Amino acid sequence: MTRLLSYLIAPLLYGIFGILGVNLIEMTALRDPHAGITFMSGFPVAAGLTFATVVAAAVFLDSVIGRRYLGAIIIVVLLAGIGFASGEKQRYLLEPLFPWDILFVGQVADLLPQLVKVRPKASAAVAVLSLVCIVALVWGLIFAIRRIKPTRLPFRIVSVVLSGIVLAGALYSMHPDGPGFYKRTFGIRNSPIVQKKSYKENGFLLAFMLNVSSSIVDRPENYSKEELEKIADRYARTKHAHEPSSMTPNVIMIMSEAFWDPTQFPGVTFDRDPLPFVRSVAKGDIFSPVFGGGTANTEFEALTGFSNAFLPEGSFPYQQYIARPTPALPWYFRSLGYRAIALHPYHKWFWSREKVYPRFGFEKFIGLSDMKQPAKLGPYVSDEKLNDFILDALDAEEPTFLFTVTMQNHTPFQPKRYGAQQIQPKGDIDEDQAAVLSSFSQGIEYSDKALRALAEKLKTLRRPTLLVFFGDHAPGLGDQTLYRSTGVFDGSEIAKEMRAKRTPLVVWRSDGKEVPPVGTISPAFLPELIVRTLGYEHPFYSGLLGAVRKDIRVNDRGAFATNDSPFLPPVPPQDKQALLNEYSAIQYDQMIGTNYARAGMFCEMPGQSCETPKAKVAEPTP
């Protein structure tokens, strides 16, 4: 009788567990105590699928182990851990956890000591809570094994089969055909380009699983050898109109870590301007594809001319898609007689750069391990010291394409990071926020001074230099309370994007030639800007990308803008779609596809031959 009663009560207990599990994952992932109730009442189908998955997972584990409710204990701990991780990511980077974030565990672990210094109490609390959870898990398992009687084998077999069928359906969501099946069967729509919508409407667990297949980039319509060759032929022109000489300019690109103008905080003033030099020579802004982190995605666009807007939201091309030689500026400049060097004063493995850079055509990568006791400012190598490595990398006999990623202003920005004499902000912000902002702003001032010093030094070199300097993204200032309290995040999504994602852009020539204003552009248009400023020509960089740039200045997942329009939601006007389709088709072809357009558009790549004879360099166009 007791055993029969336990079998009758079990479904009720599993049902209660399922409801609690759905609430737990939504509350922790969104950092909102009402998120679970809102999800279940607003999106019952998705909530029901999440409920079924959670219960099936618990039943399956129980059946395999042989004791009821043991799997539930394990599932609760897993849901709490994953939800907490997603909530913390949402807190600092304003986006949820994605399946591919597992690739960055090493990077997070490497930065963990600096993060602990900034929030020692919170870090200690998390450590204690984690220990308590582990102890509770072990105790729960021991208790269950000792007190709960083993489940009979026939019941276990039936439970494994039934729960396995449900789990198989859940796991099918991760198959490439899964999103289509869920759409047809349940009306569940995955939104890989607008992840916030997907996580809100589908819930964390289902959206997370659907994203496994979303990392696969869809093949463009009409993708074929004939169509790609037509696009390449349309933009074919003199390919390498340049003859290297003693006056061929060096090209230095500096992507400055978290270089953002802190005077953009509404209602906040400073006792001095943090970036007077950059302000005096800036030609526009970069509309960063990321906020608070994700440096490599800005870098990807700046080096290749390809766009994150054509990839699933939250994806990272360096880790997911750059698996073979890929067209990028280093390959192009090498074909013109340049040396191609990358410089970054941090670990080479960070963001997989040591693997990606050779595939982009860099001949040499100078990382932290190649630098002998470099001077640091705060926890990282100073921009001032980095100037020495930049100048040492140049060659008097050959022109150099040098891409540099700084590290000085990397988060976290602990109070008095640079000492007591930091820039002081004033405004309606609390003491802790002011201390963080002071450290960040002081770092920006040091970077501004270092850039001025580098420019002065470049003026003295015999070979002229084109210097392109830009910030990778706005800084991650703790939990972003400062952005919220000052109103940066107020208003529409477009207004928020405009305020939070623009970083200064400097395009400067050491020979004194003026560079026209650029305005606000996506970093994917930097290759076109560089090639055009130098007066060079290329089927993609000045051809197709040049055609796109004539009409479009920002192509981003969060916003879109033509040269004549204000910033719009990320839905291109119909008359621009055909051009963007060509752009995305070439990107897919070169990153993921069959390279149909490589011979016609990227003859500088390995295995190709540029048969067009070199010609006189064209005049730069404004």
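Caption draft 1: Local environment of the state of the cysteines. Under the criterion given, the structure shown has one disulfide. Shown here is the disulfide that connects C603 with C610, its sulfur atoms set 1.9 Å apart. Across the S-S bond of C603 and C610 the torsion is about 100°, and the bridge reads as right-handed. Judged by its relative accessible area of 4%, C603 is buried.

Caption draft 2: The packing of helix α3 (residues 44-65) against helix α7 (residues 153-171), seen in detail. Interhelical geometry of α3 versus α7 gives an angle of 145° and a closest axis separation of 8 Å. In terms of crossing hand, the pair formed by α3 and α7 is left-handed. From α3, A52, T53, A56, A57, V59, F60, S63, V64 and I65 reach across to α7, where they touch R156, S159, V160, S163, G164, V166, L167 and A170. Grouping the amino acids of the contact of α3 with α7 by side-chain chemistry returns 11 nonpolar, five polar and one charged.

Caption draft 3: Up close: the environment of P317. Relative to the helices and strands, P317 is located in helix α13 (residues 317-320). Judged by its relative accessible area of 0%, P317 falls in the buried class. When the C-alpha positions of P317 and M591 are compared, they lie 9.3 Å apart, and in sequence the two are 274 residues distant. Other than its neighbours up to four places away in sequence, P317 contacts N297, F300, N308, L311, I322 and M591.

Caption draft 4: Spatial organisation of the pattern of salt bridges. A full pass over the atoms with the stated rule returns 18 salt bridges. Salt-bridge contacts for K230 lead to E227; the nearest nitrogen and oxygen are separated by 3.9 Å. Here K230 and its partner E227 are both found in helix α10 (residues 225-234), three residues apart, which amounts to about one turn of the helix. A relative accessible area of 31% means that E227 is categorised as partly exposed. With a closest N to O distance of 3.8 Å, D271 and R272 form a salt bridge. For D271, a relative accessible area of 41% translates into the label partly exposed. For R272, a relative accessible area of 33% puts it in the partly exposed group. Several salt bridges share partner residues, and in doing so they unite E226, E227 and K230 into one network.

Caption draft 5: Main features of unusual backbone geometry. Omega for the bond connecting T411 with P412 falls within 30 degrees of zero, at 10°, which places this linkage in the cis form. The residue R31 is not glycine, and still its phi comes out positive at about 55°. In this structure, R31 sits in the loop between α1 (2-30) and α2 (35-42). Unlike most non-glycine residues, N595 shows phi in positive territory, near 60°.

Caption draft 6: Representation of the pairing of strand β10 (residues 465-471) in the model. Counting buried residues along β10, seven of its seven residues qualify, which places the element largely inside the surrounding structure. Relative to β10, strand β1 (residues 250-256) is paired through seven bridges, and the arrangement is parallel. Across the sheet, S256 pairs through a bridge with G471, a residue of β10. With five bridges connecting them, β10 and strand β11 (residues 502-509) associate as antiparallel partners. Counterpart to L466 in the pairing with β11 is R509.

Caption draft 7: Fine view of the sheet that holds strand β4 (residues 339-343). Taken together, the eight strands give an open sheet; going across it, the order is β5-β4-β8-β1-β10-β11-β3-β12, and neighbouring strands pair in mixed fashion. At either margin of the open sheet sits one strand with a lone partner, and together these are β5 (364-366) and β12 (519-521). Sheet twist, expressed as the average angle between the axes of neighbouring strands with direction ignored, equals 20°. Here β4 runs beside β5; their pairing, made up of three bridges, is parallel. When the sheet's bridge partners are listed, A342 is paired in β5 with F365. Running at roughly 170° to β10, helix α17 (residues 431-459) makes contact with β1, β10 and β11 of the sheet.

Caption draft 8: Representation of the confidence of the model for the chain in the model. Here the chain averages 85 in pLDDT, while 88% of its residues score no lower than 70. For the stretch residues 612-622, pLDDT sits under 50, and the model shows 28 contacts to residues farther than four places along the chain or on other chains.

Caption draft 9: Geometry of the nonpolar core. Counting 109 residues, the largest nonpolar core has M253, Y318, F333, F401, L505, L526 and F540 as its most contacted members. For this core, the element with the most residues is α3, which contributes nine residues. When near neighbours in sequence (up to four residues on either side) are disregarded, Y318 contacts A296, E299, F300, L303, W351, S352, R353, V356, Y357 and F360.

Caption draft 10: Layout of a nonpolar patch on the surface. Together, L153, I157, V158, V161, L162 and I165 make up a nonpolar patch on the protein surface, roughly 580 Å² of accessible area in all. Structurally, I165 can be placed in helix α7. Take I165: its relative accessible area is 57%, and that puts it in the exposed class.

Caption draft 11: Looking closely at the pairing of β4. The element β4 is extensively covered by neighbouring structure, given that five of its five residues are classed as buried. Here β4 shows two buried faces, one formed by R339, I341 and L343 and the other by A340 and A342. In this structure, β4 lies alongside strand β8 (residues 400-405), joined through five bridges in parallel fashion. Looking at the pairing, L343 lines up with T404 of β8. Following the backbone out of β4, through helix α15 (residues 353-360) and into the adjacent parallel β5, one traces a crossover that is right-handed.

Conventions adopted
- Sequence positions are assigned chain by chain, starting from 1 and proceeding in written order.
- Local features are withheld for residues below a pLDDT of 70 in this predicted model, meaning they are given only at 70 or higher, and side-chain atom pairs are given and counted only at 80 or more; totals for whole chains, interfaces and linings count all residues.
- Where side-chain values are given, they derive from all heavy atoms of the structure, hydrogens and water being excluded.
- Any two cysteine sulfur atoms lying within 2.5 Å of each other are counted as a disulfide.
- Only protein chains enter the accessibility calculation, which uses a 1.4 Å probe. A residue is then buried if its area is under 20% of the maximum for its type, exposed if over 50%, and partly exposed in between.
- The axes are straight lines fitted to the C-alpha atoms, using for helices just the contacting stretch, and the angles between their N-to-C directions are given from 0 to 180°.
- Where helices and strands are cited, they refer to DSSP runs of H or I of at least four residues and of E of at least two residues respectively, numbered from the N terminus.
- Crossings are classed by handedness, with left-handed meaning an anticlockwise turn of the near helix from the far one by less than a right angle and right-handed meaning a clockwise turn.
- Should any heavy atoms of two residues lie within 4.5 Å, those residues are counted as being in contact.
- Residue polarity is assigned by list, with Asp, Glu, Lys and Arg as charged and Ala, Val, Leu, Ile, Met, Phe, Trp, Tyr, Cys and Pro as nonpolar; anything else, Gly included, falls into the polar class.
- Take a side-chain nitrogen of Lys or Arg and a carboxyl oxygen of Asp or Glu: if they are within 4 Å of each other, that pair is a salt bridge.
- If DSSP finds at least two bridges between two strands, the strands pair.
- One number per residue, pLDDT, summarises how confident the predictor is, and it ranges from 0 to 100.
- To form a nonpolar core, buried Ala, Val, Leu, Ile, Met, Phe, Trp, Tyr and Cys residues must be joined to one another through side-chain atoms within 4.5 Å.
- Patches here are clusters of residues that have more than 30% relative accessible area and form no salt bridge, with a 9 Å joining cutoff for like charges and a 5 Å cutoff for nonpolar side chains (Val, Leu, Ile, Met, Phe, Trp, Tyr).
- The method behind every accessible area is Shrake-Rupley, applied with a 1.4 Å probe, and residues are considered shielded solely by the protein chains displayed.
- Seen with its strands pointing away from the viewer, a crossover is right-handed when the path leading from the first strand over the helix to the second is clockwise.

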